[in-house]
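Architecture and fold: a report
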Amino acid sequence: MEQYSSKVMDHFAHPHNVGEIENADGVGTVGNPVCGDVMRLYIKVEGNVIADAKFKTFGCGAAIATSSMVTDLVKGKTIDEALKISNAAVAEALGGLPKVKMHCSVLAEEALKSALNDYYKKKGIPSPVKMPAESGHEHDME
Amino acid sequence: MRRVYLDHAATTPVHPKVLEAMMPYFSGKFGNPSNLHDIGRESKNAVEEARVKTALLIGAKPEEIFFTSSGAESNNFALKGIAQANSQKGKHIIVSQIEHFSILHPAKTLEKSGFTVTYLPTDRQGLVNPDDVSKAITKDTILVSIMHANNEIGTIQPIEEISRITKERGVFFHSDAVATTGWIPVNVQSLGVDSLSLSGHQFYGPKGASALYVRKGVRIKPQIEGGIQEDGRRAGTENVPGIVGLGRAAELAVAEIEHRMAYLAPLRDRLQKGLLDRIDHLVVNGHATRRLPQNLNISLWYVEGESMLLFLNMEGVSVSSGSACTSRSLKSSHVLTCIGTDAAVANGTLLLTLGMGNTAEDIDYVIEKLPPIVKRLREMSPLYEDMIKKEKVR
């Protein structure tokens, strides 16, 4: 397997934003333990801005690093900006990922979108969130 | 930082005595064993001496040993070579589902060329049932291939019982002994096999030097053609230093095997007990007693193997992981699947394989370092969180 970048290793060894948010405005869980990764992402929304984001992840080095990075990227962003965060942006911010681990960045994007979806649902607003079409393999938990 | 290598199933270091034996054959004694001049004869003699030593290790005759480049080559050679050379007798082969891929993939290839293959299951401890072998044999069966012990879970198969059946039914029996040779006694006579693979770098020999034992009288089709080497069965100029190293490693294994087993089993037991005492939701894979003395394969619920491997590496501890994420295919181990390990927990698998360089202090260091890693990863795991919440509801 390709080696992880130093940035991936750094986010893996010292992940940012690990934990839960009590009474979160949105929670999304994606992935499947059978595939080896499950991400749960919590967001706190104040006004139109994502004030806080935290995660819990079961998964490999790349899964933990992408969770850490996506929560970093989303904090302080408006919801509209957050909706535009792609898996490629997560991977790029980590200095790239080994090919076989790209699905972890897809999972991070899905976790974020799933949390935003939940936010809209809780608000009773129709959700504009489009889930990524191709994630490589099945990630349905529910 | 302490460095603890617990990945001897991947490879072992070359023993200093092995290296010493090999050194003259790189540059000083560089001859080609096929040449008749003195320089060539010197190499030829060294190769033949190594053949005697390798034969002695497994109770074979020297002329029944064929040197190859790897355990994978030996397995390919045996499976394809014996099947192809004996296809006029039948076209059915029996293998276990937990064989190494160097057996399973050639089996698939043979299927494409008109052979049929039966893949036998194992029980939850990884044992093949000899009755299953007996029932699977048909008039068309020519070859059975069951590994001596599994490289991942260490389960030692009832080879003697199976060979009694294959002999009675007139079927060839190959056994992949790459995981066992040098660690537990391997004797082709008492095992009753017709061919057997072994690999030097798995027991303190060099990489690139392995062997296939083929019982005298068993027909086998060469897979590498174009030379007279290895009695015409395997073309290519011999890896003389490697073969010399393999011979020396075989000699050391003969001398040390009792000591190795007596040293490693208690050390492994110490590791197993230490981890079981300190980590909850931990499953030991493989057979409780019929297991390689250096093998410990564990599955930990709610944590993923690669994460554990990476954190252990940061502490100087080298192990392997059976997780889907560590493999290219993103599938968990076919061995764990076969023994019925839950796919979710299979991803939390670590393979720790000990060696003669490990001390009790090394083991205690791992017992000290792994639990906090597991705790930290579980605190980060949504699966662990869900489990705790469910337990509370109960």
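The structure displayed is predicted, hence computed values, not measured ones. (Residues numbered from 1 in each chain as written. Chains lettered and ligands numbered in written order. Predicted model: local features only at pLDDT ≥ 70, side-chain atom pairs only at ≥ 80, totals over all residues.)

Looking now at the overall build of chain A. The helix and strand inventory of chain A stands at five helices and three strands. Across chain A, helices and strands are ordered from the amino to the carboxyl terminus as α-β-β-β-α-α-α-α. What you see for chain A is a C-alpha radius of gyration of 14 Å, in line with the 14 Å of a compact globule of 142 residues. Overall size of chain A, expressed as C-alpha extent along the three principal axes, is 45 × 30 × 25 Å. Counting all 142 residues of chain A, 47% fall into the buried class. In chain A, 62% of the contacts between residues at least 6 apart in sequence involve partners at least 24 apart. (Helix = DSSP H or I, 4+ residues; strand = E, 2+ residues; numbered from the N terminus. Rg over C-alpha atoms; globule rule 2.2 N^0.38 Å. Buried ≥ 20, exposed ≤ 12 C-beta atoms within 10 Å, placed from the backbone. Contact = placed C-beta atoms within 7 Å.)

Moving on to the overall build of chain B. Summing up its helical and strand segments, chain B has 13 helices and 13 strands in all. The C-alpha radius of gyration computed for chain B amounts to 22 Å, which stays within 12% of the reference 21 Å derived for 394 residues, consistent with globular compactness. For chain B, the C-alpha atoms occupy an extent of roughly 75 × 55 × 35 Å along the three principal directions. Per-residue burial for chain B yields a buried fraction of 52% across its 394 residues. Put simply, of all contacts in chain B between residues at least 6 apart along the chain, 72% involve residues at least 24 apart.

With that settled, the discussion passes to the domain arrangement of chain B. Residues and elements named next belong to chain B. Domain annotation of chain B identifies domain 1 (4-10 + 258-393) and domain 2 (16-253). Placing a centre on the C-alpha atoms of domain 1 and another on those of domain 2 gives a separation of 30 Å. Between domain 1 and domain 2, the residue contacts involve 21 residues of the former and 20 residues of the latter. If you list the elements that add at least two residues to the side of domain 1 that touches domain 2, you get helix H8 (240-278), strand S10 (295-300) and helix H10 (334-338). Top contributing element to the side of domain 1 that touches domain 2 by residue count: H10, with three residues. (Domains from an automatic or database assignment.)

A few words on helix H6 (residues 159-169) of chain B. Residues and elements named next belong to chain B. Inspection of H6 places Ile159, Ile162, Ser163 and Thr166 among the buried residues, and these make up the whole buried set. The buried side chains of H6 occupy one side of the element, clustering within an arc of 100° when seen end-on. Turned more than 90 degrees off the buried face of H6, the exposed positions are Glu160 and Glu168. Here the buried face of H6 lies against helix H5 (130-136), strand S5 (141-145), strand S6 (172-176) and helix H7 (188-191). Trailing H6 by a residue or two, Gly170 shows a phi angle of about 70°, which is positive. (Arc of directions from axis to C-beta.)

The subject of this paragraph is the interface of chain A and chain B. Facing the 19 residues of chain A at the interface are 19 residues of chain B. Breaking the side of chain A that touches chain B down by element, the ones donating at least two residues are helix H1 (6-13), strand S2 (37-46), strand S3 (49-58) and helix H2 (61-74) of chain A. Per element, the largest residue contribution to the side of chain A that touches chain B is three residues, and it comes from S3(A).

Bringing the sheet that holds strand S8 (residues 210-214) of chain B into the picture now. Residues and elements named next belong to chain B. Judged by pairing direction, the sheet is mixed, and its seven strands sit side by side in the order S2-S8-S7-S6-S5-S3-S4 without closing on themselves. Only two strands of the sheet have a single partner each, and these edge strands are strand S2 (65-68) and strand S4 (116-120). Across the sheet, the mean angle separating the axes of adjacent strands is 20° when strand polarity is ignored. Sheet topology note: the strand S7 (residues 195-199)/S8 ladder contains five bridges and is antiparallel. The partner of Leu198 across the bridge, within S8, is Ala211. Along the sheet face, helix H4 (residues 101-112) touches strand S3 (92-96), S4, S5 and S6 and points at about 155° away from the line of S3. Across the face of the sheet, H6 comes into contact with S5 and S6 while running at roughly 160° to S6. (Pairing = 2+ DSSP bridges. Axes fitted to C-alpha atoms, helices over the stretch in contact; angles between N-to-C directions.)

The next thing to look at is the confidence of the model for chain A. Per-chain confidence: chain A averages 90 in pLDDT, with 92% of residues scoring 70 or above. Here residues 134-142 of chain A is modelled with pLDDT under 50, and outside its nearest four sequence neighbours on either side it reaches 20 contacts, counting other chains as well. (pLDDT = per-residue confidence, 0-100.)

Residues and elements named next belong to chain B. Here S3 runs beside S4; their pairing, made up of five bridges, is parallel. From the neighbouring strand, Val95 faces S4, where its bridge partner is Tyr119. Note that the unit made of S3, H4 and S4 has a crossover that is right-handed. (Right-handed = clockwise from strand over helix to strand, strands pointing away.)

Residues and elements named next belong to chain A. Strand order in the open sheet formed by three strands is S1-S2-S3, and the pairing between neighbours is antiparallel. Looking at strand neighbours, the two that pair on one side only are strand S1 (26-32) and S3, the edges of this open sheet. Within the sheet, the average angular offset between the axes of one strand and its neighbour, ignoring direction, is 15°. Pairing between S2 and S3: nine bridges, direction antiparallel. Residue pairing for S3: Leu41 is matched across the bridge by Phe55. Against the sheet, H2 engages S2 and S3, with an angle of about 175° to S3. Contacts from helix H5 (residues 102-123) reach S1 and S2, with the element oriented near 145° to S1.

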